[in-house]
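Structural overview
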Amino acid sequence: MIIRPAVPHDARGVAEVHVASWRAAYAGLIDQAVLDAQSVDGRQEMWASWIVRSEAGLPPVGYDVPVHRMLVADDDGVITGWATFGPGRDEGTSGLGELAGLYAHPAAWSTGVGHALVTRAAESLVEDGFDEAFLWVLHGNQRASRFYERHGWIADGTEKTADAGGAKDLRELRHTRRLSDGSA
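Residues take numbers from 1 onward in each chain, read along the sequence in its written order. Only residues with pLDDT of at least 70 get local features here, since the model is predicted, and only at 80 or more are side-chain atom pairs given and counted; chain-wide, interface and lining totals rely on the full set of residues. With hydrogens and water stripped out, all remaining heavy atoms of the structure feed into the side-chain values.

Observations regarding the side chain of His 68
Applied cut-off: Elements are defined by DSSP. Helices are runs of H or I of four residues or more, strands are runs of E of two residues or more, and each kind is numbered from the N terminus. Polar contact is the term for a pair of N or O atoms within 3.5 Å; when the atoms are in protein, one must be able to donate a hydrogen and the other to accept it, and sequence-neighboring residues count only if both atoms are side-chain atoms. Any pair of residues with heavy atoms lying within 4.5 Å of one another is described as a contacting pair.
Mapped onto the elements of the fold, His 68 is located in the loop between helix H3 (40-55) and strand E2 (69-75). A polar contact is formed between the side chain of His 68 and the backbone oxygen of Pro 87, at a distance of 2.7 Å. Contact partners of His 68, with chain neighbours within four places excluded, come to Trp 50, Ser 54, Thr 84, Phe 85, Gly 86, Pro 87, Arg 89, Glu 98 and Ala 100.

Written out as structure tokens, the structure reads:
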């Protein structure tokens, strides 16, 4: 497995990971009808556009947010996971790094894919000049919270409500991490 920057050709694999991981990780946390409605084809189109725009230094269509980058875990041509990161997108957080998304295909859970991605994303944030970073975890996603805590991301008590993937009013908990301690 190698960790590398995403290219437009990766969009299908990114979409497959996205849909499969949502359905597995968020079962019981997000309305099942929303999970069932997730479409690999729709996500592929979205991610292809996202990757092309990111490569060009542009935000996603219709969003006024900082540009983020994507890394993929490539296992002999098969995308097994991905991470997106960049400057904080929430108001007042542009001086912080943000790990905006990290997903591994359920078949790749507990194989080191997530560890490799979170480590390389944190290293990239340090290279970009960030000393601290944050991420959001869906309330109730204990597996993700434990994973991030093992990697030094600590829940700081901040919560927000967001919409994503057709789901409304998702309660998310913020985790933060100091990056400049030399152990990204």
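Following the structure, the description resumes.
Here's the deal with the layout of surface pockets
One water molecule sets the probe size; rolling that probe over the atoms shows where empty space is left. How we decide: Put simply, the grid is 1 Å and covers the protein atoms alone, a cavity is a trapped set of points that fit a 1.4 Å probe, a pocket is an open set with protein on both sides within 12 Å along at least five of seven lines, and lining residues have an atom within 4 Å of a point. Grid points are joined across faces, edges and corners, and a volume is the space filled by probe spheres set on the points. Nonpolar residues are Ala, Val, Leu, Ile, Met, Phe, Trp, Tyr, Cys and Pro. Charged residues are Asp, Glu, Lys and Arg, and all others, Gly as well, are polar.
Here the second largest pocket defines a volume of roughly 160 Å³. Lining the second largest pocket we find Pro 5, Ala 6, Trp 50, Ile 51, Ser 54, Glu 55, Arg 69, Met 70, Leu 71, Phe 85, Arg 120 and Ser 124. Elements with a contribution of two residues or more to the lining of the second largest pocket: H3, E2 and helix H4 (113-127). Ranked by the residues each element gives to the lining of the second largest pocket, the list is headed by H3, at 4 residues. A breakdown of the residues in the lining of the second largest pocket according to their chemical character gives 7 nonpolar, 2 polar and 3 charged.

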